[in-house]
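# Inside the fold
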Amino acid sequence: MPRSKKFRRARLIVILLAVLLVAGLAGGGWWAVDTVRSSYPQLSGTVKVPGMSAPVDVVRDDKGIPQLYADTDADLFRAQGYVQAQDRFWEMDVRRHITSGRLAEMFGSSAVENDSFLRTMGWRQVAQKEWDTVLSEDTKRNLTAYTEGVNAWLAEHPGGAGASVEYALLGAVNSGYTPEKWDPVDSVAWLKAMAWSLSGNLQEEIDRSLLTQNFSTEQIAQLYPDYPVDRNGTIVKTGKVNADGTYVPGEGSILPTQPGGAAPVNTSQARAVTQQLLGDLSGKTGALPQLLGPNGQGIGSNSWVVSGANTTTGKPMLANDPHLGPGLPSIWYQMGLHCRAASATCGYDVAGYTFAGMPGVVIGHNKDIAWGFTNLGADVTDLYLEKVTGPDTYLLDGKDVKFNVRKETIKVAGGSDRTITVRTTQDGMPLISDQSSEQQKVGSNAPAGSNAAPDRAAGYGIAMRWTALVPGKTMDAVFKLDRATDFASFRSAAQDFAVPAQNLIYADTKGNIGYQAPGMIPVRGKGDGRYPAPGWDSAYAWNANYLPFKSLPYAYNPPEGYIVTANQAVVDDSVYKPMLTKDWEYGTRAKEITDQIQAKLKNGGKISLNDMQSMQLDNTSVLAKDLVPLLLKVKIDDPYVREAQDLLKDWNYHQDADSAAAAYYNGVWRALLTLSFGQKFPADLRVEGDCLLVRQKRDNTLPDDALGGAAQAVTECGTRKPSLAQPDGGDRWMEVVRQQLANPKSTWWDYIDSNHQQQHGLDNLLAEALKDARQDLTSRLGKDISTWSWGRLHQLTLQEQTLGSDDSSIASPAIRKLLNRGPYKLSGGSAAVDATGWNAAAGYDVDWIPSMRMVVDLSNFDASQWINVGGASGHAFHPNYNDQTDLWAKGELLPWAYTKDAVTKSGQNTLTLSAG
């Protein structure tokens, strides 16, 4: 019989304590014993790797960052697979179990719900279709070579023995687990996970539907205001789409050579293969954001590029810092891939950030160009209300149509197999409400969007369409980017970049800069994607073809001499008619970066590499410039509260970690959001455990302006996971509040005070927020405001995402303490350029971060700088496990060696991978 969870956990704790005792007696510190050190990679000498045609040198610097030198592409990628497995195989193994919906095989019954979601979504199946039908032969050769390298390393660690300390810990509760050989499709599938993390406005569509429980569509529109084009601008000077569908950049832009035509995705075939896919977006999948990072509104990235005419070197400079969920090891892995000599069989000389488990470089530079990414935010997911008419039928254009049905079996470590049933529509959309209580609520409350809507009865089913469930060529694009030499070849690579839709910025050594929006963008019939569409009406279906690449916006050497992308609107949609999204980020970070660039360039100034770095660290709270003067005007009689209010008098609006004023301001901001919005939101959007007294009217004809008379008070507790709770306080909420501040009598300023009495008006609410924040920070930081600091509230803990996670059901707190690092006291904030995001609905802890930072100097690549969160190694206790985080937290960057001379000079260890 399977052991009980308590028995397994007790045994794991005993084993852990025994190892710790041995380590302590040996004088080697925590786990400084052979069983831990044996998992560390070999860094010098020679190792035989089967398949190598010639030796490959692996040169590592003091941070363990590898630079690889080979004579053929195959050897280069074979070595990349071997070296990444040396450092990160546990992470790679977990990632492939995530994308294939097989976590329960490793971690038991606690992972079944995630597996149900991911198995029915079918990420692995889509990746297999990409391998089978759309990827180029060159890409397949690279993936195959990479796979051979991973498996060569795995052959040295049969069954995971000595592979990492996590396998030893897992073996204590799942002794039967053995890692399988790597497969090329394991690499391709990880792109689906990244697409999910950057999947556009799906959560906004869900939230708007749930808000209809309490608000009218007009009120909801106030919570999702239009993008402020006049104030915050757009990425490119908006052009138009000609009659033939070709995008023409705005006035003053230069037209580059058009890229070579890449074969478009076979959309008729793509639509057919989505028949077997299903996804569950929330409800039972609450743990998924912990694995992939949060994906709500306000999570984005910064990148910008400045032309040589505006820099101190006379060549372009490019900066990038993608914002993703934190964790150990980092989602990124720094690496260089170099051919010793360019030839027909060896065409790479590239360095940058990779994904462990996937060949190639995702963001970085080669000898000719540099590039960076931010999330485009295109609306590539739609929900559909479906009228289910029977166990296997639904309504379409007045007729009953059969679902496609399939079953999936999930194997569970230490438990019985689970079988799930998946229903999909005829055009491949999964019925996600079958397994999600939240989606069932969406179906009960979302506007039907049609006067001819069928009877809602107990609610509609909810189906989903998503571009990432269509086979695409993004893996091809990665290799083409790595080899690109100019803007034309860069755009040709971008043409294959299907999902996730990104903003791509560009610079080259000849002095050119550019921008391209790639991705599969749906062309809708009726509807705009903001609310679920009526699935019973085929007029709301997506068209068979996606927006053609030639219609997507781009820019080349714009007259401004710089390009900024920080998730703001790409174009003015009053001019550019194809719909990319209705849910842009609101441009606060983009405007701040643009203002700083313009200030530097004023009166003929030039931008230096240090300027680029300092801009990344700008932690200004832009909304505070509008809100603080109003807060200081509020008359406060209580000296206890007024003492805190006085902190704001001379504040410079910088959210430094040691700032007491920043701590208090953000406390006030959080209280303001709770009073004006959070109190009014349904429980489905509020954070779990947030319990409020709400009014429940006995008679809808009677007034309810207080908790009494015609209404009775009931307690209603929030149900949302912290990472998705609202109001989160991000960029959208700053725009909402900015607009509402113009109306001091707005009904959004109505609130229930601490005595459960209804209050009205902006001034009263601001006074209440000042008081509530004083009490909140006193409880957290103490009465003495001289000891307050933003960093004491705003902290980051880096969790190992499996055994180190708070949600892990098989690891003890002691193990989490050994695998995790922190907390770190951080500067910055959600809508600051230094975007250390926090969810105001849940607290002050940091839940998304600039996952890396880089600044590239196109005049001298060796002068470029970079930093990662965590380190190169995925082995806990290894010197390179977390040796970059302190530097990252301080805003420092590391030298980025690129040329052979610079790499040799910085090298600390050299390992030769020889023919086996």
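Structural data are supplied above this passage.
## Describing the overall build of the chain
- Along the backbone of the chain there are 28 helices and 35 strands.
- Within the chain, residue pairs in contact and separated by at least 24 positions form 73% of the contacts whose partners lie at least 6 positions apart.
- Total accessible area computed for the chain in this model is approximately 32700 Å², and 50% of it derives from carbon and sulfur atoms.

## Some points on the side chain of Arg670
- Here Arg670 is to be found in helix 22 (residues 660–676).
- Assessed through its relative accessible area of 16%, Arg670 is described here as buried.
- Residues in contact with Arg670, not counting those within four places in the same chain, are Asp776, Arg780, Trp838, Ala840, Ala841, Ala842, Gly843 and Tyr844.

## Considerations on the nonpolar core
- The biggest cluster of nonpolar side chains holds 245 residues, and the ones touching the most others in it are Trp669 and Leu913.
- Ranked by residues supplied to this core, first place goes to helix 22 with twelve residues.
- Discounting chain neighbours no more than four positions away, the residues touching Trp669 are Leu623, Leu627, Gly729, Trp733, Met734, Val737 and Trp838.
- In this structure, Val401, Phe403, Val470 and Met520 belong to the second largest nonpolar core, which totals 14 residues.

## Some details on the packing of aromatic side chains
- Scanning the entire structure with this criterion turns up 41 aromatic pairs.
- Three or more aromatic residues joined by ring pairs make a cluster, and in this case those are Phe89, Trp90, Phe107, Trp153, Tyr167, Tyr177 and Trp182.
- One residue, Lys900, lies across the ring of Tyr69, its end atom 4.8 Å from the ring centre.

## With respect to helix 24 (residues 762–781)
- With 20 residues, helix 24 ought to run about 28 Å at 1.5 Å a step, and its terminal C-alpha atoms sit 27 Å apart, in line with that.
- Where helix 24 is concerned, the buried positions are Leu762, Leu765, Leu766, Glu768, Ala769, Leu770, Ala773, Arg774, Asp776, Leu777, Thr778 and Leu781.
- On its buried face, helix 24 is in contact with helix 20 (624–633), helix 21 (639–645), helix 22, strand 26 (751–752) and helix 25 (790–793).
- Count one or two residues on from helix 24 and you reach Gly782, which has phi positive near 105°.

## Things to note about the sheet that holds strand 19 (residues 502–508)
- Taking strand neighbours across the sheet as the criterion, the eleven strands line up as 1-35-2-3-8-9-10-11-19-20-22 in an open arrangement whose pairing is mixed. Each edge of the open sheet carries a strand with a single partner, namely strand 1 (45–49) and strand 22 (554–556). Direction aside, the axes of adjacent strands within the sheet are offset by 15° on average.
- Here strand 2 (residues 56–60) pairs with strand 3 (residues 66–70) via four bridges, running antiparallel. When the sheet's bridge partners are listed, Asp57 is paired in strand 3 with Tyr69.

## What to know about the sheet that holds strand 14 (residues 393–396)
- The three strands lie next to each other as 13-14-15, forming an open sheet whose pairing is antiparallel. The two strands at the open ends of the sheet, each matched to only one other strand, are strand 13 (388–390) and strand 15 (399–402). Geometrically, the sheet is characterised by an average inter-axis angle of 45° between neighbouring strands, direction not taken into account.
- In terms of strand pairing, strand 14 meets strand 15 through four bridges, oriented antiparallel.

## Quick word on the pairing of strand 32 (residues 852–857)
- For strand 32, a buried count of six out of six residues is recorded, marking the element as mostly surrounded by other parts of the structure.
- Where strand 7 (residues 317–324) meets strand 32, four bridges bridge the pair, whose relative direction is antiparallel. For Met317, the partnering residue across the bridge sits in strand 32 and is Asp857.
- Here four bridges tie strand 32 to strand 33 (residues 865–868), and the two strands are oriented antiparallel to one another. Across the sheet, Met852 pairs through a bridge with Asn868, a residue of strand 33.

## Focus: the packing of helix 22 against helix 24
- Direction vectors running N to C along helix 22 and helix 24 enclose 125°, while the axes themselves pass 8 Å from each other. In terms of their interaxial angle, helix 22 and helix 24 are classed as oblique. The handedness of the crossing between helix 22 and helix 24 comes out as right-handed. Residues Ala663, Tyr664, Gly667, Val668, Arg670, Ala671, Leu672, Leu675 and Ser676 of helix 22 form the contact with helix 24, whose participating residues are Leu765, Leu766, Glu768, Ala769, Leu770, Asp772, Ala773, Arg774, Asp776, Leu777 and Arg780.

Thresholds applied
- Residues take numbers from 1 onward in each chain, read along the sequence in its written order.
- Owing to the predicted nature of the model, reporting of local features is limited to residues with pLDDT of at least 70; listing and counting of side-chain atom pairs is limited to 80 or more, with chain, interface and lining totals taken over all residues.
- Values reported for side chains reflect all heavy atoms of the structure, with hydrogen atoms and water molecules removed beforehand.
- Where helices and strands are cited, they refer to DSSP runs of H or I of at least four residues and of E of at least two residues respectively, numbered from the N terminus.
- Whether two residues touch is decided by their heavy atoms; if any such pair falls within 4.5 Å, the residues are in contact.
- Method for areas: the Shrake-Rupley scheme with a 1.4 Å probe, in which residue coverage is limited to the protein chains shown.
- A simple rule labels every residue: compare its accessible area, found with a 1.4 Å probe on the protein chains alone, to the largest value its type can have, and call it buried under 20%, exposed over 50%, or partly exposed in between.
- Throughout, nonpolar core names a set of buried Ala, Val, Leu, Ile, Met, Phe, Trp, Tyr and Cys residues whose side chains join them through atoms within 4.5 Å.
- Centres within 6.5 Å are what make two rings of Phe, Tyr or Trp a pair, Trp counting through its six-membered ring; a difference in plane orientation under 30 degrees is then read as stacked, over 60 as edge-to-face, and the rest as tilted.
- Here, a charge over a ring means that NZ of Lys or CZ of Arg falls within 6 Å of the ring centre while also lying within 35 degrees of the ring normal.
- What a helix is expected to span follows from its residue count: subtract one and scale by 1.5 Å.
- Any two strands with at least two DSSP-identified bridges between them are counted as paired.
- All axes here are fitted lines through C-alpha atoms, helices being fitted over the stretch that makes contact, and every angle between N-to-C directions spans 0 to 180 degrees.
- Under this scheme an angle from 65 to 115 degrees is roughly perpendicular, one under 35 degrees roughly parallel, and one over 145 degrees roughly antiparallel; angles in between are oblique.
- Take the far helix as your reference; a near helix turned counterclockwise from it by less than a right angle gives a left-handed crossing, and one turned clockwise gives a right-handed crossing.

Honestly, that's just the spatial picture; any functional story needs more than this.
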